[in-house]
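# Fold and contact review
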Amino acid sequence: MNPDNKRKPTNAPPQSRGNGAKQKSTNGNGRNVSRGAAIRAQKRSVQDANRIASQYLDASSQGLEHPRRANVIDDSPRLKIIGLGGMDGAGSKNMMVIEYKNDAIVIDCGIDLGVDLPGINYGIADTTYLDQIKPKIKAFVISHGHLDHIGALPHILPKYNVPVYGSRFTIGRVEEIFENFGLPMPEGFELKTVIMNEDNHERLKIGEFFIELIRVTHAIPGSTMIVVDTPVGRLINTGDFRLDPSPLDHERTDTSRIEKLANEGVLVLMSESTNAELPGRTPSESTIEKSFVDIMDKAPGRIFVAIFSTNVNRIQMIVNAAVHHNRKVALDGRSMVSTLEMAVRNGFMKIPKGTFIPISSASNMKDEDVVVVCTGGQGEPNSALVRMSMGEHKNVALKEQDTVILSSKPIPETGNDALVGAMVDDLMRKGVHVYRHETYDIDGSGPLHVSGHARMDEYSDMISMVKPKFFIPIWGPYRSKKRHIDLAIAGGLPRKSTINAENGEVISVTKDKIEITDKVPQGTVLVDQTGAIVSSIVVKDRVLLAEEGLVAVVLTVDKKTGALLTSPDIISRGFIYMKDNEELMNEFRAELRRAVTQRFKRVDLDRFKAELKDYVTHFLYEQTQRSPIVIPVVNVIGGRVEKNNNNLHNTSQGGNGDEDNKTPEQVAQDQQRRFAQMRQRLLNQDARVD
């Protein structure tokens with residue numbers, strides 16, 4: 001909770017409760033709190049929940065779902081570039097639209113794994129704008145196979161049912177996530193993929209566009225730049241890249257092809273900006289290969305290496321080091337096994353026969369003969385290494401003298417630092433030796449991780465190689481993109497030829513001009529652990545529940561007399577522990593009885609419930625300075641329902657249809673019995689319920 005929003009009791013004169021006519025009261029703790037202050041406190045709680053959840057609103061929640069000019073086709077000879085995701089934060093849920101007249105392609109379609117909301121697994125880009133231009137969409141073109149670039153495809157692609165273009169490894173990853181997706185695909189959808197060869201400069205026509213993929217070095221095989229030739233000019237999207245001079249697989253960025261295309265002329269360069277605030281150059285992947293060999297030389301027992309399942313080159317390093325030390329390799333983690341199977345099948349890894357063993361066999365081998373490559377380098381809940389650290393893995397029980405290597409760093413701006421820290425604490429409590437890249441100097445090892453992204457000098461080199469007329473930094477937060485623009489200007493590009501765009505802003509490009517001309521619907525759609533979409537309203541309620549808790553008040557009222565038939569039932573969740581607050585609960589029940597006596601017979605049922613909710617909110621805030629969600633339940637019992645019943649409250653029913661044959665007393669008894677059964681099921685003997 002924001003400390004500026006902490007609620008303070010007001011110095012108000014006393015209020016007598018009852019009919020609600022007076023506005024001030026004094027609670028038993030000597031606090032003077034106005035009814036208005038209590039209601040305002042509740043509104044602040046709702047506003048806090050809205051503020052937290054609003055970081056991930058979809059287009060409809062922002063009032064952006066309708067285009068400014070409905071059903072109007074913009075066929076002006078301008079090229080439009082629109083980032084629907086990836087133009088903020090850490091450059092996640094990456095998705096960009098390239099549109100010209102009646103044709104459009106979508107570049108990348110990723111997820112945001114950094115969403116920190118109750119019950120939410122990840123976010124995807126809102127596709128309201130894609131729905132508006134659905135007839136134009138001809139293809140999805142994917143730069144590489146990381147989830148922040150492909151993870152949303154199972155949610156989004158079936159709505160448009162167009163082909164997906166990418167390199168061989170990238171298409172393998174796309175097919176993999178569709179195979180492992182937990183929900184059924186819509187009827188009639190069929191995944192259509194087109195594998196492009198990034199090494200022979202293949203060009204394919206898609207509508208008004210020609211596309212080409214160029215090989216770049218990143219942290220996953222098959223990473224590419226995407227070249228789009230349009231009627232207006234040539235665009236280049238770098239994807240994620242680094243200019244590594246000696247990657248393990250020798251697949252260096254194809255700078256000669258980049259320079260050739262640059263000499264032909266490039267209108268727009270769109271370059272990733274992840275590390276645009278880091279000076280210098282990213283070290284080569286080759287600098288960490290010796291580190292794994294050295295650690296295996298001195299490790300006394302089993303070795304566990306946590307790594308991204310898609311970092312195939314680094315896993316190849318670990319396999320090579322294990323083979324050098326005559327160790328067998330076991331893979332653990334569903335994504336690890338799935339990705340490595342695909343990589344081996346498509347020839348992206350070279351594994352000597354007999355190297356891999358099942359994880360279930362690892363415990364039967366000598367400690368010095370085993371290396372386990374597993375997921376969990378980001379401290380992800382339920383990942384293999386986290387389950388090991390908590391003693392909950394079914395095949396592996398960690399012990400002293402085991403060695404764990406974390407060959408990764410927490411992804412920026414995701415909150416993973418705390419998850420990794422907690423996991424490392426648990427590992428060290430077990431006496432496990434833990435090697436981390438952040439502490440390799442004091443651990444006596446070499447470096448254990450290099451970024452898959454370029455740094456400032458490499459970004460400058462890319463701009464210099466491409467020589468674009470216009471420059472748009474992408475895939476990063478605003479501040480990093482601003483630094484990237486500064487690099488472009490330092491390289492000689494006029495400031496007016498650069499754009500730092502936000503998600504949803506329409507960048508219009510002609511041969512001579514670049515500008516932001518409009519804004520389209522954009523936002524984040526939230527997905528839970530099952531793959532189902534979660535409404536932003538539900539998320540707001542979850543946040544409010546997490547902050548303040550819930551109180552339900554169940555009243556059973558005699559229709560005829562207006563008197564309570566049972567003591568008020570109070571249910572508290574996440575608010576207070578009622579058995580430790582008996583005095584407050586007794587006073588609360590007395591106040592509820594008074595409210596029923598004074599107001600029930602005077603107003604209709606809906607009005608009474610509304611007043612009761614405000615009344616309870618006021619009382620609880622007055623006593624505790626907290627504003628939980630309040631749910632009033634009023635059951636009205638007794639009497640037959642006449643056709644021309646003029647009473648203010650309808651009678652609760654639930655019988656078997658023969659109540660006209662019973663006396664009013666029998667009807668009342670039946671209703672009381674049914675309510676008693678319902679009440680028992682509701683309360684369910686929970687210790688938090690009085």
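Quantities reported herein were computed from a predicted structural model and do not represent experimental measurements. (Residues numbered from 1 in each chain as written. Predicted model: local features only at pLDDT ≥ 70, side-chain atom pairs only at ≥ 80, totals over all residues. Heavy atoms only, no water.)

## So, the sheet that holds strand E27 (residues 550-558)
Spatially, E28-E27-E29 is the arrangement adopted by the three strands of the open sheet, whose pairing is mixed. For this open sheet the edge positions go to strand E28 (569-573) and strand E29 (629-637), each flanked by a neighbour on one side alone. If you compare each strand with its neighbour and ignore which way they point, the axes differ by 15° on average. The strands that helix H17 (residues 605-624) touches are E27 and E29; relative to E29, the one it contacts most, it runs at about 140°. (Pairing = 2+ DSSP bridges. Helix = DSSP H or I, 4+ residues; strand = E, 2+ residues; numbered from the N terminus. Axes fitted to C-alpha atoms, helices over the stretch in contact; angles between N-to-C directions. Contact = heavy atoms within 4.5 Å.)

## Quick notes on the environment of Lys 192
As for its placement among the helices and strands, Lys 192 is situated in the loop between helix H5 (168-180) and strand E10 (193-195). Assessed through its relative accessible area of 32%, Lys 192 is described here as partly exposed. Apart from residues lying up to four places away in sequence, Lys 192 is in contact with Asn 161, Val 162, Pro 163 and Val 164. (Buried < 20%, exposed > 50% of the residue type's maximum accessible area, 1.4 Å probe, protein only.)

## Describing the nonpolar core
Among the nonpolar cores identified, the biggest contains 35 residues, and Leu 130, Phe 140, Leu 153 and Ile 156 are the most heavily contacted of them. Ranked by the residues each element gives to this core, the list is headed by H5, at four residues. Beyond its immediate sequence surroundings of up to four residues, Leu 130 is in contact with Leu 84, Met 95, Val 97, Val 106, Ile 137, Ile 156 and Tyr 160. Ile 105, Val 232, Met 270 and Trp 475 belong to the second-largest nonpolar core, a separate cluster that totals 32 residues. (Core = buried A, V, L, I, M, F, W, Y, C linked by side-chain atoms within 4.5 Å.)

## Observations concerning the sheet that holds strand E11 (residues 203-206)
Taken in spatial order, the six strands of this open sheet run E11-E12-E13-E14-E15-E22, and their pairing is mixed. In the strand order of this sheet, the two ends are held by E11 and strand E22 (470-474), each with one partner. Neighbour to neighbour, the strand axes of the sheet diverge by 20° on average, direction disregarded. Across six bridges, strand E12 (residues 209-215) lies against strand E13 (residues 224-229) in antiparallel orientation. Each bridged residue has a counterpart across the sheet, and for Ile 214 the counterpart in E13 is Met 225. Packed onto the sheet, helix H6 (residues 255-264) meets E12, E13 and strand E14 (234-237) and runs at close to 145° relative to E12. Sheet strands touched by helix H14 (residues 478-490): strand E15 (268-272) and E22. Its angle to E22, the strand with the most contacts, is close to 150°.

## Notes on the packing of aromatic side chains
Under the definition given, this model contains six aromatic pairs. Here the aromatic rings of Phe 178 and Phe 189 are separated by 5.9 Å at their centres, their planes lie at 25°, and the arrangement is stacked. Residue Phe 178 is located in helix H5, and its partner Phe 189 is located in the loop between H5 and E10; the two are separated by 11 residues in the primary sequence. The class of Phe 189 is buried, set by a relative accessible area of 14%. (Phe/Tyr/Trp six-rings, centres within 6.5 Å; stacked < 30°, edge-to-face > 60°.)

## Considerations on the pattern of salt bridges
One pass over the full model with this rule turns up 28 salt bridges. Across the pair Arg 173 and Glu 176 runs a salt bridge, and its minimum N-O distance is 3.4 Å. Residue Arg 173 and its partner Glu 176 are located together in helix H5, separated by three residues, close to a single helical turn. For the residue pair Arg 173 and Glu 176, the accessibility class agrees, reading buried in each case. Across the pair Asp 486 and Lys 482 runs a salt bridge whose closest N-O atoms are separated by 3.2 Å. Within this pair, Asp 486 and its partner Lys 482 are both found in helix H14, separated by four residues, close to a single helical turn. A relative accessible area of 28% means that Asp 486 is categorised as partly exposed. Linked by salt bridges that have partners in common, Arg 203, Asp 229, Arg 234 and Glu 264 make up one network. (Salt bridge = Lys/Arg side-chain N within 4 Å of Asp/Glu carboxyl O.)

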